Amino acid sequence: EPEVTQTPSHQVTQMGQEVILRCVPISNHLYFYWYRQILGQKVEFLVSFYNNEISEKSEIFDDQFSVERPDGSNFTLKIRSTKLEDSAMYFCASRSGSRGLGETQYFGPGTRLLVL
Amino acid sequence: AQTVTQSQPEMSVQEAETVTLSCTYDTSESDYYLFWYKQPPSRQMILVIRQEAYKQQNATENRFSVNFQKAAKSFSLKISDSQLGDAAMYFCAYKVGNEKLTFGTGTRLTIIP
């Protein structure tokens, strides 16, 4: 069964450093998302991406964040200058977009980011 | 703004028994989708079940079923014949159109052997 993959599974970085989190969505999916979950808290939406542009972003997704789909398969989240409060689990999700079953977002296993 | 409320931070159930997890949501939309996701200790988000608001019939997936009450804006998850592998955080989530998923705060389910 197709699945969303994410790399790396864990990332430790120093405050102020740039990090790039990578995701490979399910191959025929058209809508892509990033969410984050701070330990012990609920999952929060960051950004959605469709047709090579951002379709929606949250207040969390400030100028420090950017997303890109550099080729036909990868979907990346870049944090330019990490802060301590960026420490969280970052989830990528994708969906096909068709009516009905295509409304379901499938999540990757997550990248655990720790900022020291 | 849409909100999703899970009023039970923790629940426990004896193995093989049935448990119901509660979820309510607030929306002015009439066409939307509701989901239950399971998050085991590995922290992966796994889809359990989905419900389209335009469907009156409650969704069922094996031992998992929902009680969808559209007028009351309630979407509870029933797990029958609970198994040790069901132990996890369960998140209720809401989506309208092409928009994001809005999650509740989760319910931690413990299975007692």
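Keep in mind that this is a model prediction, so the values were computed, not measured.

Peer 1: Got a sec to walk through the layout of surface pockets? Specific residues and values, please.
Peer 2: Estimated volume of the second largest pocket: approximately 290 Å³. Surrounding the second largest pocket, 17 residues form its lining, Gln 37 of chain A together with Gln 39, Arg 43, Met 89 and Arg 108 of chain B being those nearest its centre. Listed by contribution, the elements that provide at least two residues to the lining of the second largest pocket are strand E10 (88–95) and strand E12 (107–112) of chain B. Partitioning the lining of the second largest pocket into residue classes produces 8 nonpolar, 6 polar and 3 charged.

Peer 1: For a nonpolar patch on the surface, give the residues involved together with the corresponding values.
Peer 2: Residues Val 12, Leu 114 and Leu 116 of chain A make up a contiguous nonpolar surface patch of roughly 270 Å² in combined accessible area. The residue Leu 114 of chain A is located in strand E11 (residues 111–115) in this model.

Peer 1: Any details on the nonpolar core? Residues and values, ideally.
Peer 2: With 26 residues, the main nonpolar core has Tyr 25, Tyr 32, Trp 36, Phe 75, Leu 77, Tyr 90 and Leu 109 of chain B as its most contacted residues. Of all the secondary structure elements, the ones that give two or more residues to this core are strand E3 (19–21), strand E5 (33–39), strand E6 (46–52), strand E8 (64–69), strand E9 (74–79), E10 and E12 of chain B. Top contributing element to this core by residue count: E10 of chain B, with 4 residues. Beyond its immediate chain neighbours, meaning those up to four positions away, Phe 75 of chain B contacts Cys 23, Tyr 25, Leu 34, Phe 35, Trp 36, Gln 51, Val 66, Asn 67, Phe 68 and Cys 92 of chain B. Formed by 21 residues, the second largest nonpolar core is a distinct cluster that contains Ile 26, Leu 77, Ile 79 and Val 115 of chain A.

Peer 1: Now, about the state of the cysteines: what can you tell me, with residues and values included?
Peer 2: For the coordinates displayed, the defined rule picks out 2 disulfides over all chains. In this model Cys 23 of chain A forms its disulfide with Cys 92 of chain A; the gap between the sulfur atoms is 1.9 Å. Its S-S torsion of approximately -60 degrees makes the covalent link between Cys 23 of chain A and Cys 92 of chain A left-handed. A residue pair is termed long-range when its members are at least 10 positions apart, and Cys 23 of chain A in strand E3 (residues 19–24) and Cys 92 of chain A in strand E9 (residues 88–95) qualify at 69 residues. For the pair shown, Cys 23 of chain A and Cys 92 of chain A are each scored as buried. Each disulfide pairs two cysteine sulfurs, and for Cys 23 of chain B the partner residue is Cys 92 of chain B, the sulfurs being separated by 2.0 Å. Here Cys 23 of chain B and Cys 92 of chain B share a disulfide; its torsion about the S-S bond, -70 degrees, makes the bridge left-handed. Residue Cys 23 of chain B is found in the loop between E3 and strand E4 (24–26), and its partner Cys 92 of chain B is found in strand E10; the two are separated by 69 residues along the sequence.

Peer 1: Talk me through the environment of Met 11 of chain B; I want residue IDs and the actual numbers.
Peer 2: Residues and elements named next belong to chain B. Relative to the helices and strands, Met 11 resides in strand E2 (residues 10–14). In this structure, the C-alpha to C-alpha distance between Met 11 and Glu 52, residues 41 residues apart in sequence, is 26 Å. Setting aside residues up to four positions removed in sequence, Met 11 forms contacts with Val 19, Thr 20, Leu 21, Thr 107, Arg 108, Leu 109 and Thr 110.

Here is what the cut-offs are and how they apply
All chains use their own residue numbering, which begins from 1 and follows the written sequence. Following the order in which they are written, the chains are lettered starting with A and the ligands numbered starting with 1. Residues qualify for local features only when their pLDDT is at least 70, as the model is predicted, and side-chain atom pairs are given and counted only at 80 or more; totals for whole chains, interfaces and linings, by contrast, use all residues. For the side-chain quantities, the full set of heavy atoms in the structure was used; hydrogens and water were omitted. Throughout, the protein atoms alone are placed on a 1 Å grid, and a set of points is a cavity if a 1.4 Å probe fits but cannot get out or a pocket if it is open with protein on both sides within 12 Å along at least five of seven lines; lining residues have an atom within 4 Å of a point. Grid points are joined across faces, edges and corners, and a volume is the space filled by probe spheres set on the points. Numbering of helices and strands runs from the N terminus, with a helix taken as a DSSP run of H or I at least four residues long and a strand as a DSSP run of E at least two residues long. Residue type decides the class: Asp, Glu, Lys and Arg count as charged, Ala, Val, Leu, Ile, Met, Phe, Trp, Tyr, Cys and Pro as nonpolar, and the leftover types, Gly among them, as polar. Only residues whose relative accessible area exceeds 30% and that form no salt bridge are eligible for patches; like-charged ones are grouped when within 9 Å, while nonpolar side chains (Val, Leu, Ile, Met, Phe, Trp, Tyr) are grouped when within 5 Å. Areas reported here follow the Shrake-Rupley algorithm with a probe of radius 1.4 Å; residue values treat only the protein chains shown as occluding. Salt-bridge detection follows one rule: a side-chain nitrogen of Lys or Arg within 4 Å of a carboxyl oxygen of Asp or Glu. Nonpolar cores are built from buried Ala, Val, Leu, Ile, Met, Phe, Trp, Tyr and Cys residues. Side-chain atoms within 4.5 Å join them into one set. Only protein chains enter the accessibility calculation, which uses a 1.4 Å probe; a residue whose area is less than 20% of its type maximum is buried, one above 50% is exposed, and one in between is partly exposed. Two residues qualify as a contact provided that any one of their heavy atoms is within 4.5 Å of a heavy atom in the partner residue. Working definition: a disulfide is two cysteine sulfur atoms within 2.5 Å of each other.

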